[in-house]
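Architecture at a glance
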Amino acid sequence: MPSRIPLSKMDSSTTTESLSFPESTDLLFGKDDSPPWKLSAFLGVQHLLVALMYLIYPVLLVQESGHSAEESRFMLLATLGVTGFMTLLQARAGRHLGSGFLAVQVANPIFLPLSLAAVQLGGLGLLASLLAITGFAQVLFARVFHRLRTLFPAEVCGVVILMLGVSMVGMAIRRCTGASMDGHILPRHMAISGLTLGVTIGLTIWVKSSLRLFAVGIGIASGYAASWILGLLTAETFSALGSIPMMAFPSLALPAFQWNPALLLPFLLTGIISSLDTAGGLILCQKMHDRHWVRPDLHNLGRGMLTDGLGNIAAGLVGSFGIGVGSSNIGLAMATGATARRIAYATGFFLLALTLFPRVTGLLVLIPSPVMGAVLVYVAAFLIVSGAHIAMSRLMDNRRTSMIGLSLLAGLGVAIDPHLFRSAPSLLQPLLGSPLAITAIVGIALNLLFRIGISKTIRLSDEHILHAPHELFVFMKKAGAAWGSRADVVQKASMALAECVEWLQSAGQDRGLSLTVSYDEFNLDLVLAHEGPALALNAERPSPQRMIEDPNATSRMAAYLVQRYADRATSRPNGPAAELLLHFEH
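Residues numbered from 1 in each chain as written. Predicted model: local features only at pLDDT ≥ 70, side-chain atom pairs only at ≥ 80, totals over all residues. Heavy atoms only, no water.

1. Re the pairing of strand β7 (residues 577-585)
Successive side chains on a regular strand alternate, one facing one side of the sheet and the next facing the other. A large share of β7 lies buried, amounting to seven of its nine residues. Bridge count between strand β5 (residues 523-531) and β7: nine bridges; the pairing is antiparallel. Bridge assignment links Leu524 to a residue of β7, and that residue is Phe584. Judged from the seven bridges that link them, strand β6 (residues 568-574) and β7 form a sheet pairing that is antiparallel. Counterpart to Ala569 in the pairing with β7 is Leu582. (Buried < 20%, exposed > 50% of the residue type's maximum accessible area, 1.4 Å probe, protein only. Helix = DSSP H or I, 4+ residues; strand = E, 2+ residues; numbered from the N terminus. Pairing = 2+ DSSP bridges.)

Below you can see the structure in the form of structure tokens.
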């Protein structure tokens, strides 16, 4: 196995080849594992079925714009080809390209509203031009993303992931219930979706064997069977497949590029939101693979977002629908506990192979609506819980509580009433009509606003607090909450500080104490100034016998514990006084 590299020590030279995330105990197959190819193929089929659900968006685009069946078929084939190739590239553990995760590329629904507007304004040629330019903007954004660390702390990333799950709920529930505009629901749909979801969850919770890997596939199969028994699928449903050839090489017809700048700005903004969507999905992948996850690896995110941007450049050049990382597939990987790159390779290969089998593609797209809804409910639940866990992973104060609450409320407001901002300028409609976009924008803006007035360095000279362990712990907790520090790091720093004070008391050097605490996203540093000479640090633990016999044993034990708590401890003279320096990696 490659050597582990702490996230706090990564720099621009850290590549995916040298990086190995500590595998989570919840994963049956991590990204670097090699499950048998037959098993990888089966799991790839599950991801394929989920990815094919997104083909409804290019179908809706072509149907709504009144284009021919041949143009619809070509866009589907182009979308399959681009998503298949970019899925393989995204799984590649490269130095500059590819996240190295099982992150399946799919037709991205965030592009649908603007794609419809572009096709109505200038046809598929205008859409192709705008997608290619948007992809180029995404590539540029990916190159500077790692410099924007302060914009994307854990709580902002968490609420975006949570909203990814929430944004799927409406579509999932409508498919599960068959609800119409007047609120009428279909019991048959509810029975099929209930069976599908029940089988999937049952296998995930109560089955401890490797059968858990097949939970979604078995659930979908049971949903197909129930749909046939209850009459939702009939022989007539499959009769239209007879006119589609079983195997045929896809024809290549490049789009006739058109240009109109009216939709350029909305497309660019949508591309940035799509990149943030991809970043949220990849953060979830990082967290799945690291039980000690504390912050996003921005260089890894940049490589994944760069791949995403190149995918949309390719989509524009060949006339595909806009693409992005499928959050449903990431949720599926988390739910099954299988994230091996082999599964990504199998999925990408299947997507490419389907371009040669149009009849099979037609068959797979016939997945019953309630079965599709059950899978979406299952995946959305995992995304919502994971996002909430990430958002609450740091110490909380009023600033962070307000940021999380207000950004979620803003996104939920748009999700409940999609026409909330219908009076806004038309250029901003696509942005303001997206719950995910609103959540991300409000979260980032409030995070920057609430940083005003927070000092990264705090000095304390109140000796009453420094001599009272409880007051010292309260002080450190308040400082950590204001900075959004990790609770475990603040706890270790507080305990080390209390040991330092006890050590100085036993040495008779606890007068004139002053404390300086400094923080950035990667480091927490404490400087405790005191009177008298510098104290000698003790790297060895005193033996029980020495604890009894040595009158200075208490001081020796305190010195030992200080070095155990801190990642680095130093004692040095400072003029007539001295300092204890404690460093903690964050």
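From this point on, the discussion continues.
2. A word on a negative patch on the surface
A contiguous patch of negative charge on the surface is contributed by Asp462, Glu463, Glu471 and Glu531. With respect to the helices and strands, the residue Glu471 is situated in helix α19 (residues 469-483). (Patch = residues over 30% accessible without salt bridge, like charges linked within 9 Å, V, L, I, M, F, W, Y side chains within 5 Å. Areas by Shrake-Rupley, 256 points an atom, 1.4 Å probe, with all protein chains shown as cover. Salt bridge = Lys/Arg side-chain N within 4 Å of Asp/Glu carboxyl O. Lys, Arg positive; Asp, Glu negative; His and termini not counted. Charge placed at Lys NZ, Arg CZ, Asp CG, Glu CD.)

3. Comments concerning the pattern of salt bridges
Under the counting rule described, the total for this entry stands at five salt bridges. Across the pair Arg341 and Asp32 runs a salt bridge, and its minimum N-O distance is 2.6 Å. Here Arg341 is found in helix α12 (residues 341-353), whereas its partner Asp32 is found in the segment before α1 (37-53), with 309 residues between them in sequence. When its relative accessible area of 16% is taken as the criterion, Arg341 is described as buried. Asp397 is the salt-bridge partner of Arg400, the closest N and O atoms lying 4.0 Å from each other.

Note that every value here comes from positions in space, so none of it alone points to a role or purpose.
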